[in-house]
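Fold and geometry: a report
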Amino acid sequence: MRRGLAVTVAALAAVAAAQSTCDIVESQTSIEWYKRFQIEYTSEQSEYWSTSCGDLKPSCILMPKTTQEVAAVVSTLATNNESFAIKSGGHNPNNYFASIDGGPLISTKNLNQVVLDAVAETVRVGPGNRWDDVSAALDGSGYTVIGGRIGNVGVGGYMLGGGMSFMSTEYGWAANSVLEFELVLANASVVSVTESNHPDLFMALKGGGNNFGIVTSYLLQAYPQGDVWGGNLIFDATSEVSTAILAAVRDFTENYDDGKAGIIVTAERTLATLLDIWVIFLYYNGPEPPAGVFDKFLDISDFKINTCKTQSMNSLLSGNNWAVLKGSVYTIGTETIPLPSEANGAEVMGKIFDHWVNVSNTAQLIPGLVASLAFQPLPKKLAQIAKAKGGDMLDINDDIDRIVLELDYSFLSSLSYSQVDKTMRDTYSGFKTIVEDYQDGGLLPKDVYLPLFQNDCFYPQDYFGRLKPEKLALARRVQAEVDPNGFWKTRTGGFKIPSAY
Ligand SMILES: Cc1cc2nc3c(=O)[nH]c(=O)nc-3n(C[C@H](O)[C@H](O)[C@H](O)COP(=O)(O)OP(=O)(O)OC[C@H]3O[C@@H](n4cnc5c(N)ncnc54)[C@H](O)[C@@H]3O)c2cc1C
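Residues numbered from 1 in each chain as written. Predicted model: local features only at pLDDT ≥ 70, side-chain atom pairs only at ≥ 80, totals over all residues. Heavy atoms only, no water.

1. Quick look at the sheet that holds strand β4 (residues 104-107)
Across the sheet, which stays open at both edges, the four strands sit in the order β1-β2-β4-β3 with mixed pairing between neighbours. Of all the strands in the sheet, just β1 (33-34) and β3 (85-87) have a single pairing partner and so form its edges. Sheet analysis places β3 next to β4, joined by three bridges and oriented parallel. Its bridge partner lying in β4, A85 is registered against L105. Here helix α2 (residues 21-28) sits on the sheet in contact with β1, β2 (60-62) and β4, set at roughly 55 degrees to β2. (Pairing = 2+ DSSP bridges. Helix = DSSP H or I, 4+ residues; strand = E, 2+ residues; numbered from the N terminus. Contact = heavy atoms within 4.5 Å. Axes fitted to C-alpha atoms, helices over the stretch in contact; angles between N-to-C directions.)

2. Thoughts on the state of the cysteines
Applying the stated rule across the entire model yields one disulfide. A sulfur-sulfur distance of 2.0 Å marks the disulfide that ties C22 to C60. Disulfide C22-C60: the torsion about the S-S bond is -90 degrees, which places it as left-handed. With C22 in helix α2 and C60 in strand β2, the pair connects residues that are 38 residues apart, well separated along the chain. For C22, a relative accessible area of 2% translates into the label buried. Unpaired in terms of disulfides, C457 finds its nearest cysteine sulfur in C53, a separation of 15 Å. (Disulfide = S-S within 2.5 Å. Buried < 20%, exposed > 50% of the residue type's maximum accessible area, 1.4 Å probe, protein only.)

3. A few points about the UniProt feature "domain: FAD-binding PCMH-type" (unreviewed entry) in the protein chain
Within the UniProt annotation, "domain: FAD-binding PCMH-type" (unreviewed entry) is assigned to residues 54-225. Across residues 54-225, helical content stands at 22% and strand content at 24%; the span's end C-alpha atoms are separated by 36 Å. (UniProt positions renumbered as here; feature names shortened; annotations may be inferred.)

4. As for the domain arrangement of the protein chain
Here the protein chain is partitioned into domain 1 (2-107), domain 2 (114-224) and domain 3 (228-464). Each of domain 1 and domain 2 has a C-alpha centre, and these two points are 25 Å apart. Taken together, the twelve residues of domain 1 in the interface contact 18 residues of domain 2. Broken down residue by residue, the surface that domain 1 buries against domain 2 is led by T67, S88 and H91, which jointly contribute 42%. The tally of links from domain 1 across to domain 2 stands at one salt bridge. (Domains from an automatic or database assignment. Buried area = accessible area lost by both parts, 1.4 Å probe. Salt bridge = Lys/Arg side-chain N within 4 Å of Asp/Glu carboxyl O.)

5. Things to note about the pattern of salt bridges
Going through the model one piece at a time under the given rule, you end up with 22 salt bridges. Note that K35 is salt-bridged to E26, the shortest N-O span being 3.3 Å. Assessed through its relative accessible area of 29%, K35 is described here as partly exposed. Here R466 makes a salt bridge to E335, at a shortest N to O gap of 2.5 Å. Of this pair, R466 sits in the loop between α15 (417-440) and α16 (469-482) while E335 sits in strand β17 (residues 329-338), placing them 131 residues apart in sequence.

6. Regarding the site of the ligand
In the vicinity of the ligand lie 30 residues, with I86, S88, R149, G157 and M164 positioned nearest. Measuring from an oxygen atom of the ligand, one finds a backbone N or O atom of F97 at 3.2 Å. One nitrogen or oxygen atom from the side chain of N210 is found 3.1 Å from an oxygen atom belonging to the ligand. Isolated, the ligand exposes 960 Å² of accessible area, and the fraction of that covered by the protein chains is 96%. Mapped onto the shell around the ligand, the elements with two or more residues apiece are β3, α7 (155-160) and β10 (214-221). Take the shell around the ligand: its biggest share by element is five residues, from α7. Per-class residue counts for the shell around the ligand are 15 nonpolar, 13 polar and two charged. (Near = heavy atom within 4 Å. Polar contact = N/O pair within 3.5 Å; in protein donor to acceptor, adjacent residues only side chain to side chain. Areas by Shrake-Rupley, 256 points an atom, 1.4 Å probe, with all protein chains shown as cover. Nonpolar A, V, L, I, M, F, W, Y, C, P; charged D, E, K, R; others polar.)

7. What to know about the sheet that holds β10
With antiparallel pairing, five strands are arranged side by side in an open sheet as β5-β6-β10-β8-β9. A strand with exactly one partner marks an edge of an open sheet, and here the two such strands are β5 (114-117) and β9 (190-193). Adjacent strand axes in the sheet meet at a mean angle of 15 degrees when their direction is disregarded. As paired strands, β5 and strand β6 (residues 122-125) are joined by four bridges and run antiparallel to one another. The residue bridging L116 from the neighbouring strand is V123, located in β6. Each of β5, β6 and β10 touches helix α6 (residues 131-138); the most contacted strand, β5, lies at about 40 degrees to it.

8. Regarding unusual backbone geometry
At A188, a position not held by glycine, the phi torsion is positive, near 75 degrees. Secondary-structure assignment places A188 in the loop between β8 (178-184) and β9. Positioned with a positive phi, D447 is a non-glycine residue whose angle comes to about 50 degrees. On the secondary structure map, D447 appears in the loop between α15 and α16. Residue D447 is classed as exposed on the basis of its relative accessible area, which comes to 75%.

9. Section: the packing of helix α10 (residues 239-254) against helix α13 (residues 342-361)
Two numbers describe how α10 lies on α13: the axes approach to 10 Å, and their chain directions differ by 125 degrees. Comparing their axes, α13 and α10 come out oblique. Considering how the two elements wind past one another, α10 and α13 form a crossing that is right-handed. On α13, the residues that touch S242, L246, V249, R250 and E254 of α10 are E342, G345, M349, G350 and F353. Class assignment for the residues of the contact of α10 with α13 results in four nonpolar, three polar and three charged. (Parallel < 35°, antiparallel > 145°, perpendicular 65-115°, else oblique. Left-handed = near helix turned anticlockwise from the far one by under 90°.)

Now the structure itself:
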């Protein structure tokens, strides 16, 4: 009888303990929260790049305003087993990374401070900002921070994935300019993480994703900033233009003399209309680029559109937002390739490009399919600067130049997801095979480190497995220290640190 009573009490306690996070927050806290059909809920759900993320329905959306409120949410989550998601700009298109069906969504939207300290030359930035919010707040101050190339991208996820910037060849990955992370751990304590007080955790956060906690603010190094020059060149993708652009991006990556220059070279195909174009994003950290820097692109004279001009950083970042087209399902994927020599450039770059054209052709009948392939230079200089600034999880070395390929497939309906999923895998695994074949044939350098860039990874890609073993070991060690029960690993989506291979 006594034992039966004890069991009943335990069962009741378990039921009480299993009360949902949304109910506890509603009944016991003053944290801002919204339920389905409320305007704020619907509006927040529309703030995803991919509609497939917005179609998932969280049980409620929590919008903490302070670090202490984030800590209170984490304490509450510890009382039950619900899956949850953490969202900043919602630009990561992988479902369940910053989106959730049935559990609570923690939106960092209200953690939106941008505070410049011109004396210390730092800026404290909340993860609820987008990069155009940050550049708007700094506009006219004479300072900038290292951030996204398209204004609409969120600060929170971008930074934890390392962050590729137009200024990366001048200042390194965006994460290399973080001075302090304010972090809520799995036990709901708040830590200020700097290189000196928590060196391993500090390193792990520079490319370690959401495996260690919720970042509630980033203290960033500020850099002097005047007007910049940049915009887009758009070409029809004739075979001559494609050959010239592929040669230009290869050449630019190898001869990257001027760290103030940045480019993204993107091929885009709208399969239904067979409209193939190139969109080139050019950036120069100064009012005009010196002669020679972008000549190989500007000399391809038959562009349809040229929007490059002298402008503020804020105007450039907001101007690039035209590239953020909402209303489609998106998938993203990546591969990193060693830069071919000039002699082998046409062969290797052409093969990569043709493979992408051929695979995307197989998806031609998927309604609304748009395929894009971006060539993003990763010159030796970036590796040197990243190391000089204290390093990061990617830890690239300067023995070779590399190009990060970013792949996107967008389409109209989630019903086509499994077909596109296969197309995506076929595309990036084909790139890897092409690289390996050329390595075996001597056309590309062998035994070189080719990590994946997390911010561009498709959900099945093995970001952590492609890091150097010592960085993977560091991630595991830090995880064991700060999250021994695997709270972030088991309860929320994202790229997770594998326990073993
Ligand atoms: C149009 C476009 C342009 C892009 N341009 C660039 C670019 O120039 N450079 C580049 O590096 N990448 C770029 N990306 C990739 C982008 O950085 C990633 O998709 C990134 O994850 C988006 O950041 P977000 O804050 O919007 O992410 P979200 O989708 O909100 O979150 C992504 C991940 O980060 C986690 N997360 C978010 N905030 C926090 C936090 N405060 N604490 C803990 N975890 C958190 C989430 O849980 C989720 O797993 C671009 C993407 C798009 C769609």
